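Observations on the three-dimensional arrangement
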Amino acid sequence: MSRRLEALRMRLGVCLFLLTGVLLAQSGAVSAVALAATVAATAAVATALLTCAILAPRSRIPASAGRIRTAIRDRERRTAFLPQRDPDASGRPRPRAPGRRLPTAA
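Nothing here was measured: the structure is a model prediction, and the numbers come from that model. (Residues numbered from 1 in each chain as written. Predicted model: local features only at pLDDT ≥ 70, side-chain atom pairs only at ≥ 80, totals over all residues. Heavy atoms only, no water.)

1. Comments concerning the overall build of the chain
Helix and strand counts for the chain come out as three helices and zero strands. When the helices and strands of the chain are placed in sequence order, the string is α-α-α. A burial count over the chain gives 5% of its 106 residues as buried. Accessible area for the chain stands at about 10,100 Å²; split by element, carbon and sulfur atoms hold 63% of it. (Helix = DSSP H or I, 4+ residues; strand = E, 2+ residues; numbered from the N terminus. Buried < 20%, exposed > 50% of the residue type's maximum accessible area, 1.4 Å probe, protein only. Areas by Shrake-Rupley, 256 points an atom, 1.4 Å probe, with all protein chains shown as cover.)

In structure tokens:
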């Protein structure tokens, strides 16, 4: 939801920037009315965004533990696992075989 709000805020900022340029090109009573309309529209959009930001987390339905386990299990089954095809490839150390311990310098 936050990506949508950020995109909406960016678009609103661009619109206000362009509208400001139009207002600066005009003069007189027309620009005063346009400025008042811009302020009113900005307030309305800000109120709508604030309302969405407040109400969105409340309307979320929590997932049950069983559903979460099922999702994790399904994701695990979809995950591709390729075994190591060539353990002797260059750059791969050969695992040590079990045996007697090496003497250490004490």
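2. Quick look at the confidence of the model for the chain
Overall, the prediction assigns the chain a mean pLDDT of 76, with 79% of residues at 70 or greater. Mean pLDDT across the elements of the chain ranges from a minimum in helix α1 (residues 2–25), with 73, to a maximum in helix α3 (residues 65–78), with 88. (pLDDT = per-residue confidence, 0-100.)

3. Examining a nonpolar patch on the surface
A cluster of nonpolar residues, M10, V14, F17 and L18, forms a patch on the protein surface that exposes about 480 Å² of accessible area. Topologically, F17 is positioned in helix α1. By relative accessible area, which is 65% here, F17 ends up exposed. (Patch = residues over 30% accessible without salt bridge, like charges linked within 9 Å, V, L, I, M, F, W, Y side chains within 5 Å. Salt bridge = Lys/Arg side-chain N within 4 Å of Asp/Glu carboxyl O.)

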